[in-house]
Amino acid sequence: MTRTRTPVVAGWFTGEGEDFRLLGTRCSACASVFFPREDGACRNPGCTGGDLVEVPLSRRGRIWSYTDARYRPPEPYVSDRELPWEPYTLIAVELAAERLVVLGQGVPGVSVADLEIGMEVEVVPGLLSEDGNEASGTAWTTWHWRPTGVTA
């Protein structure tokens, strides 16, 4: 047995490997796309409202901004205070087709020194954390941004 793979937030992404996609919603009236998804009503203030339909978002985009998280966030952020803090990279990616920017972590091993504004990146499955042991624990899954051409 292995850890149960559980999305950090259900309904925000789906698939594995090349089929991995972030999931947003599109308003049928104004065509605005939202991520995180919106299931109640269109967030566009100029829209009279329409049905919201789930849509897979583009797999690739361009870096709009980036930074690194070098400190452990305060509570209520959940982390094991007994373990040393591992810095990670945060990347804001512009999805041109959807006309929106999506924030996420960079893949492990990618630092701010490896990134530049306008660089192409792709969304890939990621692991946020693991609980319990290998046989009965949970692997909390998420998404990561990876520069295209990198296989790590």
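The structure under discussion appears in the preceding block.
Here goes a summary of the coordinates provided.

Here Glu120 shows up in strand E9 (residues 120–131). The class of Glu120 is partly exposed, set by a relative accessible area of 26%. C-alpha of Glu120 to C-alpha of Trp145: the two residues are 25 residues apart in sequence and 9.7 Å apart in space. In contact with Glu120, other than residues within four places in its own chain, are Arg60, Gly61, Arg62, Pro147 and Thr148.

One finds Leu22, Phe35, Leu57, Leu95, Val102, Trp143 and Trp145 to be the most contacted residues of the largest nonpolar core, which totals 21 residues. Taken together, the elements giving at least two residues each to this core come down to strand E7 (88–95), strand E8 (100–106), E9 and strand E10 (138–147). The contact partners of Phe35, leaving out residues within four places of it in the chain, are Trp12, Leu22, Leu23, Arg43, Leu57, Leu100, Val102 and Trp143.

Before going further, it helps to spend a moment on the environment of Gly40. Structurally, Gly40 is set in the loop between strand E4 (33–34) and strand E5 (52–56). For Gly40, a relative accessible area of 65% puts it in the exposed group.

Glancing now at the pattern of salt bridges. Applying the stated rule across the entire model yields nine salt bridges. Among the ionic pairs, Glu130 bridges to Arg3, the shortest N-O distance being 3.7 Å. Highlighted residues: Glu130 in strand E9 and Arg3 in the segment before strand E1 (4–7), separated in sequence by 127 residues. Residue classification places Glu130 among the partly exposed residues on the basis of a relative accessible area of 44%.

On to the pairing of E10, then. The buried fraction of E10 amounts to nine of the 10 residues, a majority that puts the element mostly inside the structure. In terms of strand pairing, E1 meets E10 through four bridges, oriented parallel. Pairing of Arg5 across the sheet is with Ala139, part of E10. Relative to E10, E8 is paired through two bridges, and the arrangement is parallel. Opposite Gly106, over in E10, you have Trp145 as the bridge partner. The turn linking E9 back onto E10 is made up of six residues, and Gly132 within it adopts a positive phi angle of 70°.

Calculation criteria
- Residues numbered from 1 in each chain as written.
- Predicted model: local features only at pLDDT ≥ 70, side-chain atom pairs only at ≥ 80, totals over all residues.
- Heavy atoms only, no water.
- Helix = DSSP H or I, 4+ residues; strand = E, 2+ residues; numbered from the N terminus.
- Buried < 20%, exposed > 50% of the residue type's maximum accessible area, 1.4 Å probe, protein only.
- Contact = heavy atoms within 4.5 Å.
- Core = buried A, V, L, I, M, F, W, Y, C linked by side-chain atoms within 4.5 Å.
- Salt bridge = Lys/Arg side-chain N within 4 Å of Asp/Glu carboxyl O.
- Pairing = 2+ DSSP bridges.

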